[in-house]
Amino acid sequence: RLQGERSLPLEVEQALFRIVQEALANVARHSLAGNVEIALLFDLDHLILTVSDDGQGFDPKSQPTGFGLRSMKQRAEALGGEFAVEAAPERGTTLTVNIPIPKSNGINREKADG
């Protein structure tokens, strides 16, 4: 899902790509999911990326944070953003990244098309 698309600095695009890449690798390796949803939602000064699966989930309190989750968190924080994991056994997993984005003079495609 994509809502409110707009241009981003290259370093933000690269970090988001790597976060999604690692999230999908984790889904493939660990989740036993049948479905995955990726959403990228833009508002005026933030973007929110979510990667959700319907897999086996896990208890984030009882499992040590692996390298993949740690690297996604570091990438989000390097951009001044936040990273969160919501998971529970047998209830899937949702990763959320909230990153501030600079205001630009570019045209928002959604507004230009409407």
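Residues numbered from 1 in each chain as written. Predicted model: local features only at pLDDT ≥ 70, side-chain atom pairs only at ≥ 80, totals over all residues. Heavy atoms only, no water.

Draft legend 1. Examining a nonpolar patch on the surface more closely. Taken together, L24, V36 and I38 make up a surface patch of nonpolar side chains, about 200 Å² in accessible area. Along the chain, I38 falls in strand β2 (residues 36-42). In this structure I38 comes out as partly exposed when scored by relative accessible area, which is 31%. (Patch = residues over 30% accessible without salt bridge, like charges linked within 9 Å, V, L, I, M, F, W, Y side chains within 5 Å. Areas by Shrake-Rupley, 256 points an atom, 1.4 Å probe, with all protein chains shown as cover. Salt bridge = Lys/Arg side-chain N within 4 Å of Asp/Glu carboxyl O. Helix = DSSP H or I, 4+ residues; strand = E, 2+ residues; numbered from the N terminus. Buried < 20%, exposed > 50% of the residue type's maximum accessible area, 1.4 Å probe, protein only.)

Draft legend 2. Quick peek at the pairing of strand β4 (residues 82-87). Of the pairings in the sheet, the one linking β4 to strand β5 (residues 93-100) comprises 6 bridges and is antiparallel in character. Residue pairing in the sheet places F83 in a bridge with V97 of β5. A loop of 5 residues connects β4 with β5, the two strands running antiparallel in sequence, and E90 in this loop sits at a positive phi of about 65 degrees. (Pairing = 2+ DSSP bridges.)

Draft legend 3. Looking closely at helix α1 (residues 10-31). The terminal C-alpha atoms of α1, which comprises 22 residues, lie 30 Å apart, in line with the 32 Å expected from a rise of 1.5 Å per residue. For α1, the full list of buried residues reads V12, A15, L16, I19, V20, E22, A23, N26, V27 and S31. Angularly, the buried residues of α1 cover 165 degrees about the axis, an arc narrow enough to put them on a single face. In α1, the exposed positions that point more than 90 degrees away from the buried face belong to L10, F17, A28 and R29. Next to the buried residues of α1 lie β2, β3 (46-53), α2 (67-78) and β5. Trailing α1 by a residue or two, L32 shows a phi angle of about 60 degrees, which is positive. (Expected span 1.5 Å × (residues − 1). Arc of directions from axis to C-beta. Contact = heavy atoms within 4.5 Å.)

Draft legend 4. Looking closely at the nonpolar core. If you look at the biggest cluster of nonpolar residues, it comprises 20 residues, and the most contacted ones within it are L8, L16, L47, L49, M72, F83 and V97. Taken together, the elements giving at least two residues each to this core come down to α1, β2, β3, α2 and β5. By residue number, the principal contributor to this core is α1, which donates 5 residues. For V97, the residues in contact, after removing those within four places along its chain, are I19, L47, I48, L49, A76, E82 and F83. (Core = buried A, V, L, I, M, F, W, Y, C linked by side-chain atoms within 4.5 Å.)

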